[in-house]
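Understanding the architecture of this molecule
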Amino acid sequence: MSSSKPLSLTHVVAATSSALGIGKSGGLPWRLRKEMAYFAKITTAVPASPSQPSAMNAVIMGRKCWESIPLKFRPLKGRVNVVISRAEKMELGEVEHVYHVRSLPAALELLQKLETPLHHVFVIGGAQIYNAAMALPESNRILFTAIENDFECDTYFTPDFRKEGSGWEKKTQEELEQWAGVEIGKGLVNEGDVKYEYQMWERRE
Ligand SMILES: NC(=O)c1ccc[n+]([C@@H]2O[C@H](COP(=O)([O-])OP(=O)(O)OC[C@H]3O[C@@H](n4cnc5c(N)ncnc54)[C@H](OP(=O)(O)O)[C@@H]3O)[C@@H](O)[C@H]2O)c1
């Protein structure tokens with residue numbers, strides 16, 4: 001049976017620190033293998049629980065974000081995938097734990113009714129879905145990979161949660177590790193000539 005307790009939404013986003021740029025020409029502006037491994041680890045990790053051995057995390061994404069994932073990597077394995085598109089039908093393949101819904105409220109409703117016990121529910125983009133979900137009271141956490149280098153982007157994360165008075169506060173990397181239940185690279189991560197930092201932000205009460 002599903003529990004119908006309110007969902008808590010965690011956004012996962014890698015963006016430039018300067019302007020919160022997240023995308024370019026339908027894809028990512030960078031290629032960061034370690035950062036992608038972090039994304040996979042953090043969105044998949046579920047603590048072992050004898051009472052809920054089948055618990056999983058869920059990822060909610062827009063149709064364009066889904067299409068930007070290479071075919072061989074989608075659906076994102078070990079996670080419930082929810083794809084939002086206004087289309088009447090979407091061909092998502094004959095696989096378990098993958099759902100098409102036609103709106104963000106429908107995504108939340110589906111996840112609340114799901115038989116599979118859920119641990120964390122992540123919003124993984126793109127810009128349209130982040131923006132719509134950020135307006136919901138259920139959005140209370142952001143796992144932000146802050147990229148120090150500048151990249152040319154045509155898609156941006158909004159709103160800017162780092163602004164004074166935005167109602168969001170930065171937590172420590174220890175708190176991020178504790179919440180996620182995984183070890184993370186602390187301080188600045190270097191990948192090639194790109195520098196970035198794993199951050200966690202929480203909505204103030
Ligand atoms: N850096 C990062 O962490 C990160 C993460 C994810 C994505 N991205 C990047 O972000 C870009 C894609 O973002 P995007 O904003 O263009 O696309 P998106 O949010 O992934 O998808 C947009 C699509 O979602 C559906 N949609 C959006 N709002 C909806 C609503 N309220 N109700 C129903 N359906 C809705 C529509 O699909 P239909 O047109 O089918 O109706 C819309 O065309 C890419 O460049 C991608 O690489 C970056």
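Owing to the predicted nature of the structure, the values given are computational and were not obtained by experimental measurement. (Residues numbered from 1 in each chain as written. Predicted model: local features only at pLDDT ≥ 70, side-chain atom pairs only at ≥ 80, totals over all residues. Heavy atoms only, no water.)

1. Some details on the UniProt feature "domain: DHFR" (unreviewed entry) in the protein chain
What UniProt calls "domain: DHFR" (unreviewed entry) maps, in this numbering, to residues 8-203. Segment residues 8-203 splits into 22% helix and 32% strand. End C-alpha atoms: 11 Å apart. (UniProt positions renumbered as here; feature names shortened; annotations may be inferred. Helix = DSSP H or I, 4+ residues; strand = E, 2+ residues; numbered from the N terminus.)

2. Remarks on the site of the ligand
The ligand sits among 25 residues. The nearest are Ala14, Arg63, Cys65, Ser85 and Arg86. Take Ala127: an N or O atom from its main chain is 3.1 Å from an oxygen atom of the ligand. Between an oxygen atom of the ligand and a main-chain N or O atom of Gln128, the distance comes to 2.9 Å. Coverage of the ligand by the protein chains reaches 85% of its 930 Å² of free accessible surface. Comparing atom positions with the cavity grids shows the ligand to sit within the largest pocket. Contributing elements (two or more residues each) for the shell around the ligand: strand S1 (9-16), strand S2 (21-23), helix H2 (63-68) and helix H4 (127-134). With four residues, the single largest contributor to the shell around the ligand is H4. Broken down by class, the residue content of the shell around the ligand amounts to 11 nonpolar, nine polar and five charged. (Near = heavy atom within 4 Å. Polar contact = N/O pair within 3.5 Å; in protein donor to acceptor, adjacent residues only side chain to side chain. Areas by Shrake-Rupley, 256 points an atom, 1.4 Å probe, with all protein chains shown as cover. 1 Å grid on protein atoms, 1.4 Å probe; cavity = no way out; pocket = protein on both sides within 12 Å on 5 of 7 lines; lining within 4 Å. Sits in = over half its atoms within 2 Å of the grid points. Nonpolar A, V, L, I, M, F, W, Y, C, P; charged D, E, K, R; others polar.)

3. Structural notes on the side chain of Asn81
Position of Asn81 among the secondary structure elements: in strand S4 (residues 79-84). Excluding residues that lie within four positions of it along the chain, Asn81 makes contacts with Val59, Met61, Trp66, Pro75, Leu76, His97, Val98 and Tyr99. (Contact = heavy atoms within 4.5 Å.)

4. Quick notes on the nonpolar core
The biggest cluster of nonpolar side chains holds 33 residues, and the ones touching the most others in it are Ile60, Leu111, Phe144 and Phe161. Contributing elements (two or more residues each) for this core: S1, strand S3 (56-62), S4, helix H3 (104-113), strand S6 (118-123), H4 and strand S7 (139-147). Here this core takes five residues from H4, the largest share from any one element. Counting residues in hydrophobic clusters, the runner-up holds 29 residues, among them Ile42, Met61, Leu92 and Leu143. (Core = buried A, V, L, I, M, F, W, Y, C linked by side-chain atoms within 4.5 Å. Buried < 20%, exposed > 50% of the residue type's maximum accessible area, 1.4 Å probe, protein only.)

5. Re the layout of surface pockets
Empty space among the atoms becomes apparent when a probe as large as a water molecule is rolled across them. Reported here for the largest pocket is a volume of approximately 1600 Å³. Together, 48 residues line the largest pocket, and Leu28, Cys65, Ser68, Ile69 and Ile124 are the ones closest to its centre. The set of elements that each furnish at least two residues to the lining of the largest pocket consists of S1, S2, helix H1 (33-44), H2, S4 and H4. The element that contributes the greatest number of residues to the lining of the largest pocket is H1, accounting for seven residues. Its residues placed into classes, the lining of the largest pocket shows 23 nonpolar, 13 polar and 12 charged. (Points joined across faces, edges and corners; volume = space filled by probe spheres on them.)

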